[in-house]
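Report on the structure
Each chain, letter by letter, is given below.
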Amino acid sequence: MAEPVLSIRDLRKSFGALKATDGVSLDLRPGEIHALIGPNGAGKTTLIHQIAGGITPDSGEVVFLGEDIGALGVAARARRGLGRSFQISSLAPEFSALRNVMLAVQSRQGSSFRFFRPVMKDRSLTEPAMAMLERTGLAARANVPAAELSHGERRQLEIAIALALGPRAFLLDEPMAGMGPEGSRALTAFLDGLRHEAPILLVEHDMDAVFALADRISVLVYGRVIATGTVDEVRGDAEVRRAYLGERP
Amino acid sequence: MSRERAINLLLAGLLLSVPLAALALGELFYITLATRMAILALAAVGLNFALGLGGLVSFGHAAFFGIGGYVAGIFSSHAFNQTPLFSWPFEFFGSDQMPAIWLAAMLISALIALPIGAISLRTAGVYFIMITLAFAQMIYYFAISWPAYGGEDGLSIVVRNGFPGVNTAVPLIFFLVCYVLLLAALALFALVRDSRFGAALQAGRQNETRLAAVGIAPFRIRLAAFTISAAITGLAGALLADLNRFVSPSMLSWQMSGELIVLIILGGTGRLFGPVAGAMLFVLFEFVLGGLTERWQFFLGLILLGVVLFARGGLIGVLAGKARHG
Ligand SMILES: Nc1ncnc2c1ncn2[C@@H]1O[C@H](COP(=O)(O)OP(=O)(O)OP(=O)(O)O)[C@@H](O)[C@H]1O
Ligand SMILES: [Mg+2]
């Protein structure tokens, strides 16, 4: 089997007495969508933050492309190729959709210490950014400030920005949240193709999307992975049904 | 032409016309007033890099303003008295030439801003404000207790420093020197604002999580902005010392830091001509209200309150509407 792109080893994080991450290990393999599901407060977002670098784990390691990235900050991890979207959209609100994506293109091209050339006249920034907006269906809204985009459009913009980084792995935290059935279906189709560009660690509550997309599913409950396996294995797992799918034995 | 650009041109023209009109009417005092406007505007353009673009509320920029002033004072006093400022590794007698003084004022301000920024930028919000204030106060008290350069009494510049090819003692000429520097700083501000660096700096103000998530570490961008910002404010300080032919610790005081912030808020935070509009208003208030009542600062406070409550974008915001970013 191919080397995993991302692997997490025995990660632990407590907030006071609360064990938000309690010995989590998981892999993200090339070409796969690995869904991470679990009830509210299970620690999914906290885990994503620890992978992306925003939260420092108490112990355990995060290995990305064969390198232990535990000591790197958020920006350095993003430059290594971790493209993420936030559960609650996090954009530069005054900048247009296009400029939000251009920021990622600029970062990917290297130094931001360039002081004189106007970005809006720099086609090496505007063109790739526009292409990402086209791919995510936002081209018509390119010049609208992020703050004035609809909720669904902001979710799409998050994806466009992550794409523009040309990442080696995606960390998507509930990309479907609040998208409506129409939007969810479109995004499901889009993510389905995306896995071939880079594998996706997908946190998602929308079970239709998860069952349609996931190659593997890990179930997180109270900071612990209680099951990992294919869609069928996880669906059939008694503990999962009890803990998460809400069935009585 | 956008409305904002038209307003900017108008303000630039207005500032230029004040000393010309003053000259025509023989009221030379107004040239000094306009020069003061240009210099304060330049200092605030400097602060606008950090505050306007970067969202870094430095409450310590008087430090750089004063350092620039002291560089002008110290260089010219050594040049005037022919005493060496230092004798190792070579003998240096200061300078009474503005280009040398400006360069030194900018360099020294930048060099001091670098460690101050490196420490202050580890914090954010109120802590950042307080730490920049604390550093500026340290420098203020240092200047007060340093008798070699006048301590509390300050330091006089006997003859205004020169500029090759022109007579800076002529008020209009000195105004034009300051005015050209102001325009140059504004051009630099516009370039940097629209550049990649400016994009990262402004994105960091809007949402630093987003900036880091695309792989740009906010700290280094901000440190560079803080340093550039200090250099320009330092340059303005050197000019103010030459205008007054005098520099004292009051240039380093926290009131001065506050005035620079007030200028920017009055004019329009982050707007290209915000500092110009702000400095013109401020000096005008100081002059008109100051002539009517000793408590002019009280009325300035009222006006500021009005701006903060009802006109967030300052004068430029009121006249030109909200800022648009491409
Ligand atoms: N900074 C923090 N300090 C203290 N507790 C926190 C912090 N961040 C998260 N928690 C707690 O850790 C637990 C896990 O939170 P997390 O946001 O990771 O859950 P989640 O699985 O993403 O939930 P949801 O499905 O609602 O998004 C929750 O109980 C939360 O209250
Ligand atoms: Mg969450």
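All figures in this text were calculated on a predicted structure; none of them were measured in a lab.

Here we take up the layout of surface pockets. Residue and element names in this part refer to chain B. Estimated volume of the largest pocket: approximately 1500 Å³. Those elements that place two or more of their residues in the lining of the largest pocket are helix 1 (3-25), helix 2 (29-53), helix 6 (171-194), helix 7 (196-206) and helix 12 (296-310). If you tally residues by element for the lining of the largest pocket, the top one is helix 1, at six residues. Looking at the second largest pocket, its volume works out to about 270 Å³. If you trace the second largest pocket, you find 14 residues lining it, with Ile67, Tyr70, Ile74, Ile108 and Trp146 closest to the centre. Put simply, the parts of the chain that give the lining of the second largest pocket at least two residues each are helix 3 (62-81), helix 4 (98-120) and helix 5 (125-144). Residue contributions to the lining of the second largest pocket peak at six residues, all from helix 3. Its residues assigned to classes, the lining of the second largest pocket comprises 13 nonpolar, one polar and no charged.

Going from Trp88 of chain B to Pro89 of chain B, the amide bond is cis rather than trans, its omega being 5°. Along the chain, the position of Pro89 of chain B falls in the loop between helix 3 and helix 4. Located in the positive-phi region is Tyr222 of chain A, a residue other than glycine, with phi close to 50°. Mapped onto the elements of the fold, Tyr222 of chain A is located in the loop between strand 9 (216-221) and strand 10 (224-229). With a phi close to 50°, Arg245 of chain B is a non-glycine residue in the positive phi region. Mapped onto the secondary structure, Arg245 of chain B falls in the loop between helix 9 (218-244) and strand 2 (246-247).

Take the packing of helix 6 of chain B against helix 7 of chain B next. All names here are of chain B. Here helix 6 crosses helix 7 at 75°, and the two axes come no closer than 4 Å. When the axis of helix 6 is compared with that of helix 7, the two are roughly perpendicular. Across from Val192, Arg193 and Asp194 in helix 6, the residues of helix 7 making contact are Arg196, Phe197, Gly198, Ala199 and Gln202. The class makeup of the residues in the contact of helix 6 with helix 7 is three nonpolar, two polar and three charged.

Residues and elements named next belong to chain A. The protein atoms donating to the magnesium ion (ligand 2) are Thr45 (OG1) and Gln87 (OE1), with metal-donor distances spanning 1.9 to 2.1 Å. Of this pair, Thr45 sits in helix 1 (residues 44-52) while Gln87 sits in the loop between strand 6 (82-85) and helix 3 (97-109), and the two are 42 residues apart along the sequence. The partly exposed category is assigned to Thr45, whose relative accessible area is 25%. Since its relative accessible area comes to 31%, Gln87 is described here as partly exposed.

To continue, consider the interface of chain B and chain A. Listed per partner, the contact involves 30 residues of chain B and 37 residues of chain A. Carbon and sulfur atoms make up 59% of the surface buried where chain B meets chain A, a total of about 2900 Å² over both sides. Here chain B and chain A share three salt bridges between them. A salt bridge links Arg210 of chain B to Glu158 of chain A; the nearest nitrogen and oxygen atoms lie 3.5 Å apart. At the boundary of chain B with chain A, the tally comes to 19 residue pairs in polar contact (both at pLDDT 80 or more). When contributions to the side of chain B that touches chain A are tallied by element, the ones reaching two or more residues are helix 6, helix 7, helix 8 (208-213) and helix 9 of chain B. Broken down by element, the side of chain B that touches chain A gets its largest block of residues, eight residues, from helix 7 of chain B. Among the residues making up the side of chain B that touches chain A, the classes are represented as 16 nonpolar, eight polar and six charged.

A word on the nonpolar core. What tends to happen in soluble globular proteins is that the nonpolar side chains get buried as a cluster. In terms of nonpolar packing, the biggest core is built from 155 residues, with Val101, Leu157 and Leu191 of chain A together with Leu15 of chain B touching the most fellow members. The biggest single contributor to this core is helix 2 of chain B, with 17 residues. Both domains that furnish three or more residues to this core are identified here as domain 1 (1-81 + 167-249) and domain 2 (93-165) of chain A. Among all residues touching Val101 of chain A, those that are not within four sequence positions of it are Ala129, Met132, Leu133, Leu157, Ala160, Ile161 and Ala164 of chain A. Listed in part, the 22 residues of the second largest apolar core include Leu28, Leu47, Ile69 and Leu171 of chain A.

All names here are of chain A. What you see with strand 6 is no split at all: Leu82 and Arg84 on one side and Gly83 and Ser85 on the other are buried throughout. Bridge count for strand 6 against strand 7 (residues 169-173) is four bridges, and the pairing is parallel. When the sheet's bridge partners are listed, Gly83 is paired in strand 7 with Phe170.

On to the UniProt feature "transmembrane region" (unreviewed entry) in chain B. Under the local residue numbering, the UniProt record ascribes the feature "transmembrane region" (unreviewed entry) to residues 34-55, 62-80, 100-119, 126-149, 169-192, 223-241, 261-285 and 297-320 of chain B. Secondary structure over residues 297-320 of chain B splits into 88% helix and 0% strand, and the C-alpha atoms at its two ends are 27 Å apart.

This brings us to helix 5 (residues 151-164) of chain A. Counted at 1.5 Å a residue, the expected span for helix 5 of chain A with its 14 residues is 20 Å, and the 20 Å between its end C-alpha atoms agrees. With eleven of 14 residues buried, helix 5 of chain A lies mostly within the body of the structure. Taken as a whole, helix 5 of chain A has its buried residues at Gly152, Glu153, Arg155, Leu157, Glu158, Ile159, Ala160, Ile161, Ala162, Leu163 and Ala164 of chain A. The inward-facing, buried residues of helix 5 of chain A abut strand 6, helix 3, helix 4 (123-135), strand 7 and helix 6 (180-194) of chain A together with helix 8 of chain B.

So, how was this worked out
- Going along each chain's sequence as written, the residues are numbered from 1 onward.
- Here every chain gets a letter starting at A, and every ligand a number starting at 1, in the order they are written.
- In keeping with the predicted nature of the model, local features appear solely for residues at pLDDT of at least 70, side-chain atom pairs appear and are counted solely at 80 or more, and the whole-chain, interface and lining totals rest on all residues.
- Based on all heavy atoms of the structure, the side-chain values leave hydrogens and waters out of the count.
- Site definitions follow a grid-based scheme: protein atoms alone, a 1 Å grid, a 1.4 Å probe that fits but cannot get out for cavities, and for pockets an open set with protein on both sides within 12 Å along at least five of seven lines, plus lining residues having an atom within 4 Å of a point.
- Grid points are joined across faces, edges and corners, and a volume is the space filled by probe spheres set on the points.
- Segments assigned H or I by DSSP are reported as helices when at least four residues long, segments assigned E as strands when at least two residues long, and all are numbered from the N terminus.
- For this classification, Asp, Glu, Lys and Arg are treated as charged, while Ala, Val, Leu, Ile, Met, Phe, Trp, Tyr, Cys and Pro are nonpolar and the rest, including Gly, are polar.
- Angular values range over 0 to 180 degrees, each being the angle between N-to-C directions of two axes fitted as lines to C-alpha atoms, with helices fitted over their stretch in contact.
- Angle categories: roughly parallel below 35 degrees, roughly antiparallel above 145, roughly perpendicular from 65 to 115, and oblique for all the rest.
- Residue contacts are defined here by distance: any two heavy atoms, one from each residue, within 4.5 Å place the two residues in contact.
- For Na, K and Ca the donor cut-off is 3.2 Å; for every other metal, N, O and S atoms count as donors within 2.8 Å. Water does not enter the count, which can leave sites looking incomplete.
- Burial here depends on accessible area, computed with a 1.4 Å probe over protein chains only, as a share of the maximum for the residue type. Under 20% is buried, over 50% is exposed, and the range in between is partly exposed.
- Accessible area that two parts lose when put together, evaluated with a 1.4 Å probe and summed over both, is termed the buried area.
- Counted as salt bridges are all cases of a side-chain nitrogen of Lys or Arg within 4 Å of a carboxyl oxygen of Asp or Glu.
- Two N or O atoms form a polar contact when they lie within 3.5 Å of each other; inside protein one atom must be a possible hydrogen donor and the other a possible acceptor, and for residues adjacent in sequence the pair counts only when both atoms belong to side chains.
- Residues enter a nonpolar core if they are buried and are Ala, Val, Leu, Ile, Met, Phe, Trp, Tyr or Cys, with the set joined through side-chain atoms within 4.5 Å.
- Each domain's limits were defined by an automated method or a database of domain assignments.
- Here, any two strands with at least 2 DSSP bridges between them count as paired.
- UniProt positions are given in the numbering used here, feature names are shortened, and annotations may be inferred rather than shown by experiment.
- For a helix, the expected span equals 1.5 Å multiplied by the number of residues minus one.

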